[in-house]
Amino acid sequence: MTTQSPLGVLDVNTLQELARVICGNDHLYYRKGYEIAQFLERAGWQQVPEYDGYRMDWTLARLTERRDDPAELAKVLLRLADPREYLDEPEQLPAVVSAVNAFLIHEGVRLENPGGRPRLIACDPSLAHPGNQGPVELRAAMSDLINDQKMAGLLQHRLDEARTCYANGAHVAAIIMLGSLLEGVLVHVVQERDASLLGNKSPDNVSLDTLIKTCHEAGWIGSDVERFCHELRRYRNFVHPRAEIREAHAPDRDTLNMCWPVVNAVLNDLADSQPKTT
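Criteria and thresholds
- Chains are numbered independently. Their residues run from 1 in the order of the written sequence.
- Local features in this predicted model are restricted to residues of pLDDT 70 or higher, and side-chain atom pairs are both shown and tallied only at a pLDDT of 80 or more, whereas totals for entire chains, interfaces and linings draw on every residue.
- Neither water nor hydrogens contribute to the side-chain values; these are computed over all heavy atoms in the structure.
- Under the DSSP-based scheme used, a helix requires at least four consecutive residues in state H or I and a strand at least two consecutive residues in state E, with every element numbered from the N terminus.
- Throughout, a residue-residue contact means that at least one pair of heavy atoms, one from each residue, lies within 4.5 Å.
- Categorising residues by exposure relies on relative accessible area from a 1.4 Å probe, with only protein chains included: less than 20% of the type maximum marks a residue as buried, more than 50% marks it as exposed, and the intermediate range marks it as partly exposed.
- Side-chain atoms within 4.5 Å link the members of a nonpolar core, which is a set of buried Ala, Val, Leu, Ile, Met, Phe, Trp, Tyr and Cys residues.

Novice: Explain the environment of leucine 18 to me, please; I cannot follow it from the model alone.
Specialist: Summarising the element assignment, leucine 18 is placed in helix H1 (residues 12–23). The spatial distance from the C-alpha of leucine 18 to the C-alpha of leucine 60 is 8.2 Å, given a sequence separation of 42 residues. Apart from residues lying up to four places away in sequence, leucine 18 is in contact with Leu63, Leu77, Leu80 and Phe103.

Novice: Would you mind going over helix H4 (residues 70–80) with me for this structure?
Specialist: What sets the pattern is the α-helix's 3.6 residues per turn: residues three or four places apart point alike. Of the residues making up H4, those classed as buried are Glu72, Leu73, Ala74, Val76, Leu77, Arg79 and Leu80. Residues of H4 that are buried sit in contact with H1, helix H2 (33–42), helix H3 (55–65), helix H5 (92–104), strand S1 (109–112) and strand S2 (119–122).

Novice: I would appreciate a short explanation of the nonpolar core in the present structure.
Specialist: When a protein is soluble and globular, its nonpolar side chains tend to lie buried together. Within the largest apolar cluster, 41 residues are counted, with the highest numbers of intra-cluster contacts made by Met142, Leu178, Leu181, Val185, Leu186, Val266 and Leu270. Going through the elements one at a time, helix H6 (142–145), helix H7 (149–167), helix H8 (171–194), helix H9 (208–217), helix H10 (223–236) and helix H12 (253–272) are the ones with two or more residues in this core. In terms of residue count, the dominant contributor to this core is H8 (11 residues). Other than its neighbours up to four places away in sequence, valine 266 contacts Leu182, Leu186, Ile221, Val225 and Cys229. Counting residues in hydrophobic clusters, the runner-up holds 35 residues, among them Trp58, Tyr86, Val97 and Leu111.

Structural data, given as structure tokens:
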């Protein structure tokens, strides 16, 4: 199944930043002039002119020529997130993706490469924030796990909000958002994979505790993941201030740093256990 790219016509400043990333520098993957032309060809561009001039000027000119064709620019962005571009320096890939997203998010799009499969995902530009947006290492995008694309988009937005909370030091808010995300993912996975596991209960009346146990018993998440999910569930309950008072513990950044891998593990286990389609 193919999905339409969320990329629109890019702002001229975005094109300039994109050109800088393609060219690279001392901190990002560096390309010589002729290598930039080769990169564009590997991205799938046809009729790339021979390189001649200054790297930045030449690259920006090529991007500007195709500004009105978002599909062509999408090819470039996706190639930037392709692991095959960095076989000699694989550690450069995360830095390049992060650099692209720092400006691309203002266009309402984010670049990801779960499982080494680059893709562009629509996101809320208001969530843009410089710097770290959370230690997320996923093998699947939300749309891979949930067939309901409207719900997948909503849950992706909650993950984006959690990243923004993380970046701004809103630790409790981020944890609550992650717990909400976890519940939303699990209930829709159960509904789509085997709704009979919910019995006669309405999805709106199934507790997160039950969802975690159900997914574990179905073999969709591992025992270790189940155990730590219950810890995240307990912190998620801090949405009720009295619960935080009873626990006599104020979650901090270290707490949040322990919660992120739980969500990562759940999503990755669900991806690994996803029924094969024929």
